[in-house]
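Listed below, chain by chain, are the residues.
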Amino acid sequence: MSVRPIIEVPNPLLKTISTPVEAVTDETRALMDDMVETMYDANGIGLAAIQVGVSQRIVVMDISPDSEAQDDKAERYDLSGLEDEGVRYFVNPEITWASEETNNYQEGCLSVPGFYDDVERPAQCRVKFLDYHGVEQEIDCDGLLATCIQHELDHLNGIVFLDRLSRLKRQMILKKIRKAERDADVA
Ligand code: GNR
Ligand code: NI
């Protein structure tokens with residue numbers, strides 16, 4: 001297993017639509033293991049494959065609350081595929097139902113480091129997907145799980161949370177990112 005580099009806005013790959021996985025194979029699982037290791041290394045709670053440059057409809061997630069356990073897990077991430085530890089794997093996830101009720105959550109993204117803003121999304125949703133073993137599952141989500149799975153599904157469709165902010169806020173953040181890039185180039 002290895003930590004892979006995470007691509008950042010404005011990398012055009014983040015705007016591409018990821019391809020469905022035909023079958024969950026050992027190769028898929030090796031990629032998912034790398035994604036979990038990369039997610040823990042970056043202290044994220046979710047990661048879509050496109051964030052490591054792979055255009056496949058795969059998401060990993062760990063929203064378990066205590067960060068100490070997360071650190072602990074990062075030390076032990078050679079224990080791959082452990083689903084009872086709070087790691088979740090979603091292959092070809094699809095939202096089959098979303099609530100009328102919405103909530104606002106302050107989102108961040110490993111591909112937009114340093115920026116956070118409120119995003120409004122359905123408060124609850126139901127998600128159908130294949131798990132680590134390629135078995136079909138359907139679960140009801142609310143709270144952070146609902147927010148996070150929708151954030152990750154957006155990645156699979158070429159959308160980052162900035163696209164869900166007002167045009168003004170998005171332009172402001174993109175301007176800061178471009179300026180930081182320029183400053184880094186001359187340095
Ligand atoms: O680590 C992450 N935190 C987060 C916080 C609120 C809403 C969504 C997220 S997902 C993000 C990791 C990431 O960029 N996943 O794509
Ligand atoms: Ni993200």
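Source: prediction; values computed, not measured. (Residues numbered from 1 in each chain as written. Chains lettered and ligands numbered in written order. Predicted model: local features only at pLDDT ≥ 70, side-chain atom pairs only at ≥ 80, totals over all residues. Heavy atoms only, no water.)

**Q** Could you clarify how one ought to interpret the environment of Leu31 in this entry?
**A** For Leu31, the position within the fold is in helix H1 (residues 26-41). Ignoring any residue separated from it by four or fewer positions in sequence, one finds Leu31 in contact with Arg4, Val54, Gln56 and Ile58. (Helix = DSSP H or I, 4+ residues; strand = E, 2+ residues; numbered from the N terminus. Contact = heavy atoms within 4.5 Å.)

**Q** How should I be thinking about the nonpolar core in this particular structure?
**A** Nonpolar side chains tend toward joint burial in soluble globular proteins. In terms of nonpolar packing, the biggest core is built from 29 residues, with Val9, Val112, Ile149 and Leu162 touching the most fellow members. Those residues in contact with Leu162, other than ones at most four positions away along the chain, are Val9, Val112, Arg170, Ile173 and Leu174. Within the second largest apolar cluster, 18 residues are counted, among which are Val24, Met35, Met39 and Ile58. (Core = buried A, V, L, I, M, F, W, Y, C linked by side-chain atoms within 4.5 Å. Buried < 20%, exposed > 50% of the residue type's maximum accessible area, 1.4 Å probe, protein only.)

**Q** What is the right way to look at the sheet that holds strand E2 (residues 58-61) in this model?
**A** Two orientations exist for strands paired in a sheet by backbone hydrogen bonds: parallel and antiparallel. Strand order in this open sheet of five strands is E1-E2-E3-E6-E7, and the pairing throughout is antiparallel. The open sheet terminates on both sides in strands that have one partner only, identified here as strand E1 (46-48) and strand E7 (136-142). Here the strands of the sheet are splayed against their neighbours by 40° on average, with no regard to which way each runs. Direction of pairing for strand E3 (residues 88-98) relative to strand E6 (residues 124-130): antiparallel, over a ladder of five bridges. Residue pairing in the sheet places Trp97 in a bridge with Arg126 of E6. Running at roughly 120° to E7, helix H3 (residues 143-156) makes contact with E1, E2, E3, E6 and E7 of the sheet. (Pairing = 2+ DSSP bridges. Axes fitted to C-alpha atoms, helices over the stretch in contact; angles between N-to-C directions.)

**Q** How should I be thinking about the pattern of salt bridges in this particular structure?
**A** When charged atoms on two side chains of opposite charge get close, those side chains can pair. Counted according to the given criterion, the structure contains eight salt bridges. Residue Asp117 is joined to Lys169 by a salt bridge in which the shortest nitrogen-to-oxygen separation is 3.3 Å. Of this pair, Asp117 sits in strand E5 (residues 117-122) while Lys169 is found in helix H4 (residues 167-186), placing the two residues 52 residues apart along the sequence. Note on Lys169: relative accessible area 36%, which makes it partly exposed. The salt bridge partner of Arg164 is Asp154, with a shortest N-O separation of 2.6 Å. Remark: Asp154 occurs in helix H3 and Arg164 occurs in the loop between H3 and H4; sequence separation between them is ten residues. Connected through salt bridges with shared partners, the residues Glu107, Arg121, Asp154 and Arg164 form a single ionic network. (Salt bridge = Lys/Arg side-chain N within 4 Å of Asp/Glu carboxyl O.)

**Q** Would you take a moment to explain the pairing of E7 for this structure?
**A** Every regular strand shows the same layout, with side chains that alternate between the two sheet faces. Bridge analysis of E6 against E7 gives seven bridges, and the strand direction is antiparallel. Along E7, the bridge assignment pairs Arg126 with Asp140. Between E6 and E7, which pair antiparallel and follow one another directly, the connecting turn spans five residues, one of which, Gly134, has a positive phi of 80°.

**Q** Even after reading the chapter, I still don't get H1, so can you show me in this structure?
**A** Structural remark: α-helix, 3.6 residues per turn; residues separated by three or four positions point the same way. Compared with an ideal rise of 1.5 Å per residue, which puts 16 residues at 22 Å, H1 spans 22 Å between its outermost C-alpha atoms and is within 8% of the ideal. The buried fraction of H1 amounts to twelve of the 16 residues, a majority that puts the element mostly inside the structure. Thr28, Arg29, Leu31, Met32, Asp33, Asp34, Met35, Val36, Glu37, Thr38, Met39 and Tyr40 are the residues of H1 that are buried. A positive backbone phi angle near 60° is found at Asn43, which sits one or two residues after H1. (Expected span 1.5 Å × (residues − 1).)

**Q** What is the right way to look at the side chain of Ser99 in this model?
**A** Relative to the helices and strands, Ser99 is located in the loop between E3 and strand E4 (102-107). A polar contact of 2.8 Å, which involves the side chain of Ser99, links it to the backbone oxygen of Glu101. In this structure, Ser99 is in contact with Pro122, Ala123 and Gln124, ignoring residues within four places of it in sequence. (Polar contact = N/O pair within 3.5 Å; in protein donor to acceptor, adjacent residues only side chain to side chain.)

**Q** Help me out: how do you make sense of unusual backbone geometry in this one?
**A** Backbone phi values are negative for most residues with the exception of glycine, while trans is the configuration of most peptide bonds. Residues Val9 and Pro10 are joined by a peptide bond in cis, for which omega reads 10°. Along the chain, Pro10 falls in the segment before H1. In this structure, Asn43 takes a positive phi of about 60° despite not being glycine. Secondary-structure assignment places Asn43 in the loop between H1 and E1. Note on Asn43: relative accessible area 62%, which makes it exposed. Despite not being glycine, Asn92 shows a phi value in the positive range, around 50°. Inspection of the secondary structure assignment puts Asn92 in strand E3.

Function-wise, these values are silent; they only describe arrangement.
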